[in-house]
Amino acid sequence: MALDTNDPTNGNPKTHVVIVGGGFAGLGCARGLAGEDSVRVTLIDQHNYHQFQPLLYQVATSQLSASDIAFSLRQAFHDDDNVDVKLAEVTEVDPSTRSVRTTDGETYRGDVLVLAPGAQANFFHTPGAAEHAFPLYSLADAERLRTRILAVFEDADRDRALIDQGALNFVIVGAGATGTELAGAMGDMINETMPAEYHDLAVQRATIHVVDLGHVVLNGFSDRAHEYASKALQERGVKLDLGTGVKEVAADHVLLSDGTTIKTRCVAWAGGLMAASPAAASGLPQGRGGRIDVGKDLTVDGVPGVYVVGDIANIPGPDGDPFPQLGSVALQSGQCVADSILAEIAGEPPKPFHYKDKGIMAMIGRGSAVAEVGKHRHELHGSIAFAAWLGVHAALMSGVRNRIEAFIDWGWDYFSTTRGPQVLDQRSGAAHIDWGEPEDAEVTASLAPPP
Ligand SMILES: Cc1cc2nc3c(=O)[nH]c(=O)nc-3n(C[C@H](O)[C@H](O)[C@H](O)COP(=O)(O)OP(=O)(O)OC[C@H]3O[C@@H](n4cnc5c(N)ncnc54)[C@H](O)[C@@H]3O)c2cc1C
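Residues numbered from 1 in each chain as written. Predicted model: local features only at pLDDT ≥ 70, side-chain atom pairs only at ≥ 80, totals over all residues. Heavy atoms only, no water.

1. Thoughts on the sheet that holds strand 15 (residues 246-249)
So, point 1. In space, the three strands of this open sheet follow the order 15-16-17, with antiparallel pairing throughout. With partners counted over all chains shown, the strands left at the sheet margins are strand 15 and strand 17 (261-263), one partner each. Within this sheet the neighbouring strands show an average axis-to-axis angle of 20°, counted without direction.
So, point 2. Taken together, the three bridges between strand 15 and strand 16 (residues 253-256) define a ladder with antiparallel strand orientation. Each bridged residue has a counterpart across the sheet, and for glutamate 248 the counterpart in strand 16 is leucine 255. (Pairing = 2+ DSSP bridges. Helix = DSSP H or I, 4+ residues; strand = E, 2+ residues; numbered from the N terminus. Axes fitted to C-alpha atoms, helices over the stretch in contact; angles between N-to-C directions.)

Rendered as structure tokens:
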């Protein structure tokens, strides 16, 4: 039998740190430990790449290709002998032995276990949503959504009658940052890109609805930002169905709580998140959104040697409310855990988490961005806000890859002019739509051409 190199009792004097998840949090931690003589790291992810989530909607709207936002985990650590990347899905977590088990039957046991598997879409038990809606949390999600958007255009181009069946109606559930950014990018795609590519199709009949139970766009931002974002979306012809819930998602329509039915074959779900499945598998105490409640030291009370970071954790902020699920919170919490592990090895106390708040920002299509930066949340709009967005995201990206010049170049091009290729992947299930028999349903609005 081969030596179990995952077992810390096999005589290796280095502290073995097992990290689950190569997102911002897991990478932040692994980067902080890379090259350290006192530790060896096993970084486990179900993909062999890091996916840069802030740019997922650009992939969904064909502005970027998947390879632009996926970074090889192995390449990230190719100079660091003490970091070993394992491609595997974790299904079982035993905090008492700091071990995890993967679908291929391997067990990885650490002296320290760091849980950073992020979050997943929360459909809030909405009937039909899990089956028919397209979430936007992973690269695979973004590619599926892009395929569906392009497939409905192709189908409508072949058979104009399908427009009456809702082929060109798009519904985005959720008016938070993800839904707003996606709606803006889709508005640009429909207003600017598609008319030039589908010469023969009545693209102006396309509609985009953003549906949210809340009454504002970009919840969490200031009132002025709500207004700015609403205006930026409406200028792109996006219809805002605010204060309205989604009662049902079906294969060919969405039913809203006010009784409206929107015929559609493309429902994007940006309606909320819950903790990734290892949270429940761990048996650790789960709070809001199924996330694991941790203290300021990013551990669970009474569970030594286990850290929980990033989107899967409820990390208490200064006012007691958890920090928002942001890339910068995830990255910094992972870095903080690396510091704590090294401190403990050196016999020093672990470091409490202090978040350096860079602000919140959103890009609402080409040329429109909103940012609230600094302690006093200074508001920026337009190209200055975009510069702040680019700076913060470049800093985030430098946490996962060394070269960021290409990202900056892309950013300015995107903000001004670039159009991406509309390449349909016909192998994907999302490309094949069963149109069935036409049925009656109300279509609420048409996309007005921008003024
Ligand atoms: C569309 C979108 C746009 C966003 N935009 C912004 C933004 O502009 N700015 C910002 O700051 N934040 C943004 N965020 C939030 C930010 O991306 C997240 O807060 C951040 O990615 C969380 O990092 P994480 O490391 O906790 O999780 P993730 O980045 O989700 O990484 C988790 C990793 O764990 C892996 N994993 C999950 N389950 C398992 C398992 N069972 N076994 C093995 N591996 C597993 C996953 O493959 C993944 O690589 C956005 C999020 C989304 C979805």
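2. Overview of the side chain of serine 333
So, point 1. In this fold, serine 333 is placed in helix 11 (residues 327-345).
So, point 2. Each residue touching serine 333, except ones within four places of it in the same chain, is listed here: Ala25, Leu298, Val309, Gly310, Ile315 and Phe353. (Contact = heavy atoms within 4.5 Å.)

3. Quick notes on the packing of helix 6 (residues 139-158) against helix 8 (residues 177-197)
So, point 1. Taken N-terminus to C-terminus, the directions of helix 6 and helix 8 make an angle of 35°; their axes are 13 Å apart at the nearest point. At the point where helix 6 passes helix 8, the crossing takes the right-handed sense. Contact with helix 6, carried on its side by Leu145, Ile149, Leu150 and Phe153, involves Leu182, Met186, Met189, Ile190 and Met194 of helix 8 and no other residues of that element.
So, point 2. Its residues placed into classes, the contact of helix 6 with helix 8 shows nine nonpolar, no polar and no charged. (Left-handed = near helix turned anticlockwise from the far one by under 90°. Nonpolar A, V, L, I, M, F, W, Y, C, P; charged D, E, K, R; others polar.)

4. Details of helix 6
Spacing of three or four residues puts side chains on the same side of an α-helix, whose turn is 3.6 residues.
So, point 1. The first and last C-alpha atoms of helix 6 sit 29 Å apart over 20 residues, in line with the 28 Å expected at 1.5 Å per residue.
So, point 2. Most of helix 6 is tucked away, with 14 of its 20 residues classed as buried. (Expected span 1.5 Å × (residues − 1). Buried < 20%, exposed > 50% of the residue type's maximum accessible area, 1.4 Å probe, protein only.)

5. Some details on the nonpolar core
So, point 1. Core analysis: the biggest nonpolar cluster contains 125 residues, and Val114, Phe153 and Val308 have the highest contact counts within it.
So, point 2. No other element matches the nine residues that helix 6 contributes to this core.
So, point 3. Beyond its immediate sequence surroundings of up to four residues, phenylalanine 153 is in contact with Leu168, Phe170, Ile190, Met194, Tyr198, Leu201 and Val203.
So, point 4. Among the nonpolar cores identified, the runner-up in size contains 14 residues, and Phe123, Val249, Val254 and Ile262 belong to it. (Core = buried A, V, L, I, M, F, W, Y, C linked by side-chain atoms within 4.5 Å.)

That is the geometry; function is a separate question.
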